[in-house]
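# Working through the structure, step by step
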Amino acid sequence: MDYLDRLAGFVEATRLPALPASAIAAAKLVLLDTLGAIVAGSALDENRRLAGLAAARAPHGEATLLGHGEKADASWAALTNATAGVALEVDEGNRLGGGHPAIHVAPGVLAMAEERRLGGGRLLEALIAGYEVGSRLGGATTVRPNVHSHGTWGTISTAAAVAALEGAPATTVREVINLAASMSPANTWTPALEGATIRNLYPGRSAFQGILAVDLQRAGFTGLSDAPADVYGTILAERFDGALAVEGLGGPYRIEQNYFKLHACCRFNHFALDAVLALARDHRFAWDEVAKVQVTTIPFGLRMADPAPASRLAAKFSIPWAVAAALVRGQADLAAFEPAVLDDARIRALARRVEVTADAGMSPRRTDHPTAHVRITLRDGRALMASTTVVHGDAVDPVPESEVVAKFAALTAPVLGDAQARRVVEVIHEIETLKDVRDLGALLVPALRTPSRIPPVRIQGGS
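The structure presented is a predicted model; accordingly, all values stated were derived computationally and were not measured.

### Quick notes on the environment of Phe10
Topologically, Phe10 is positioned in helix α1 (residues 3–13). Judged by its relative accessible area of 10%, Phe10 is buried. For the pair Phe10 and Ala170, spaced 160 residues apart in sequence, the C-alpha separation works out to 8.0 Å. Setting aside residues up to four positions removed in sequence, Phe10 forms contacts with Ala129, Glu132, Leu249 and Tyr253.

Have a look at this one:
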């Protein structure tokens, strides 16, 4: 039995009665966090217009366009919702591989479950299965330096999850995985670093194509016998090792080993941010006392060294900007990256005093070696130093469930209203008892009354 047979068999066997309580609890929290990211991102102008396009293209659909009062078919809804979910850089991820597996799985399974009028238990099973497959294939892949993980094996993640949702046997799941692998987009980091929002479509496109892969299999299309090895082993990656994809399969589920973002920016900023904010808390200096900040981090950090980003998205991929904004504002929250804040002369000046260097031994996947060293030199001559190994919010250094719930409330209450945001939390807590997922979708659109009393969203950093 090869690695694809084992992954496909895992998908077929993923059923609630056989799942450990820890995996089910983790899946609920991951789902909540992902829905929060989607609802918050839905408020951006381009995502409002994309939702309008989706509703116009598929006016008779049954799937909810989250954050909007309209529906579309499952494919367009998955594309729209996944795109919104990455726009603010607050969606969860997985250090072991796969980038951000939940945003590549949840939009597709939610849309398809609504379209099929399935229950919450089926949705949880599919989410866990698709997350496992995507994270494991990601962990088996050493991508080329400019390949952005968003949208690559996400197509496979969505396809495997939708196949699980429909109760497909392992033979069908394998066929779907192979079809989806040959549909994997080739995405680069360049749009993210330059702030081009086409980057946000990466998981949207993979969600759309993942659903299509299931339809193509049903229509009789055929794929390679081992498409992941073909695509990742020859085009998108330096190396692909199928054996790594099933190493430890059946042990702790990948969805239990995720991380939640506590800073509203690229994960590769978080290594420095945790250290910077720890120093600021411990030593209580003012931002204008800082003469220089030296950051040593993972090699990719050298590409994130622009101190003068020109847009919200570019700022989220700038280490100097994130560090300077955190020191000036006390946190790297959503507001720190808003277009209006990009003109803040204090942050711009401090960002120019942030130097970024790299250490070849640092890796975002390691837990036994630092991921960032930070040295802050103050104007009075003092030098303050701190390091980060695992970022707070990772399963190795977890936050309590209450903090993830609070993050969800802060992200969604401005769109849904306070009471409705709380109701979503309650429903997801017992989602396996939900008979029709459309009842959840109905709660993820704007409330008609009771304006929010929660202030503008502020995701606290590293606390």
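### Comments concerning the sheet that holds strand β6 (residues 354–358)
With mixed pairing, four strands are arranged side by side in an open sheet as β6-β5-β7-β8. In this open sheet, the two strands that pair with only one neighbour each are β6 and β8 (383–388). Along the sheet, successive strands turn relative to each other by an average axial angle of 15°, direction set aside. For strand β5 (residues 290–297) and β6, the ladder comprises five bridges, and the chain directions are parallel. What sits directly across from Gln294, in β6, is Glu355. In this fold helix α13 (residues 267–283) packs onto β5, β7 (372–378) and β8, with an angle of close to 135° to the strand it touches most, β8. Set on the sheet, helix α15 (residues 319–329) makes contact with β5 and β6; between it and β5 the angle comes to about 130°.

### A few points about the nonpolar core
In this structure, Leu35, Leu137, Ile255, Val424 and Leu440 are the most contacted members of the largest nonpolar core, which totals 106 residues. Of the residues forming this core, the biggest block, eleven residues, is contributed by helix α2 (residues 21–41). If you look at the next biggest cluster of nonpolar residues, it comprises 50 residues, including Leu273, Val323, Val356 and Ala386.

### Concerning unusual backbone geometry
Here the phi dihedral of Glu89 falls at roughly 60°; this positive angle occurs in a residue that is not glycine. The topology assignment puts Glu89 in the loop between α4 (74–86) and α5 (106–116). In this structure, Arg117 is a non-glycine residue whose phi angle is positive, near 60°. Assignment of secondary structure puts Arg117 in the loop between α5 and α6 (120–139).

### Thoughts on the packing of α5 against helix α7 (residues 154–165)
Their axes nearest at 9 Å, the elements α5 and α7 cross at an angle of 30°. With respect to α7, the axis of α5 lies roughly parallel. For the pair α5 and α7, the crossing hand works out as right-handed. In contact with Gly108, Val109, Met112 and Ala113 of α5, α7 contributes Thr158, Ala161, Val162 and Leu165. Classifying every residue of the contact of α5 with α7 gives six nonpolar, two polar and no charged.

### Considerations on α13
Residues that lie three or four places apart on an α-helix share one face, since the helix turns once every 3.6 residues. Relative to the 24 Å expected for 17 residues at 1.5 Å per residue, α13 spans 25 Å between its end C-alpha atoms, a close match to the ideal helical length. Its axis deflected by about 30° at Leu273, α13 carries its strongest bend there. Within α13, twelve of the 17 residues are buried, which leaves it mostly tucked inside the rest of the structure. Of the residues making up α13, those classed as buried are Arg267, Phe268, Asn269, His270, Phe271, Ala272, Leu273, Asp274, Ala275, Val276, Leu277 and Leu279. In the core, the buried residues of α13 are packed alongside β5, α14 (312–316), α15, β7 and β8. A positive phi of about 50° marks Arg284, the residue just after α13.

### Re the pairing of β5
Where β5 and β7 come together, seven bridges link them in antiparallel fashion. Within the sheet, the bridge partner assigned to Thr296 lies in β7 and is His373.

### Topic: the environment of Ala26
Secondary-structure assignment places Ala26 in helix α2. The spatial distance from the C-alpha of Ala26 to the C-alpha of Gln257 is 8.7 Å, given a sequence separation of 231 residues. Once you skip the residues sitting within four places of it in the chain, Ala26 turns out to touch Ile255 and Glu256.

### Section: the confidence of the model for the protein
Detailed reading of the predicted coordinates is not advisable wherever pLDDT falls low. Across the protein, pLDDT averages 95, with 97% of residues at or above 70. Every residue in residues 449–463 is under pLDDT 50, and counting partners more than four places away or in other chains gives 43 contacts.

Definitions and cut-offs
Residues numbered from 1 in each chain as written. Predicted model: local features only at pLDDT ≥ 70, side-chain atom pairs only at ≥ 80, totals over all residues. Heavy atoms only, no water. Helix = DSSP H or I, 4+ residues; strand = E, 2+ residues; numbered from the N terminus. Buried < 20%, exposed > 50% of the residue type's maximum accessible area, 1.4 Å probe, protein only. Contact = heavy atoms within 4.5 Å. Pairing = 2+ DSSP bridges. Axes fitted to C-alpha atoms, helices over the stretch in contact; angles between N-to-C directions. Core = buried A, V, L, I, M, F, W, Y, C linked by side-chain atoms within 4.5 Å. Parallel < 35°, antiparallel > 145°, perpendicular 65-115°, else oblique. Left-handed = near helix turned anticlockwise from the far one by under 90°. Nonpolar A, V, L, I, M, F, W, Y, C, P; charged D, E, K, R; others polar. Expected span 1.5 Å × (residues − 1). Bend = angle between axes of the 7 residues up to and from the residue. pLDDT = per-residue confidence, 0-100.

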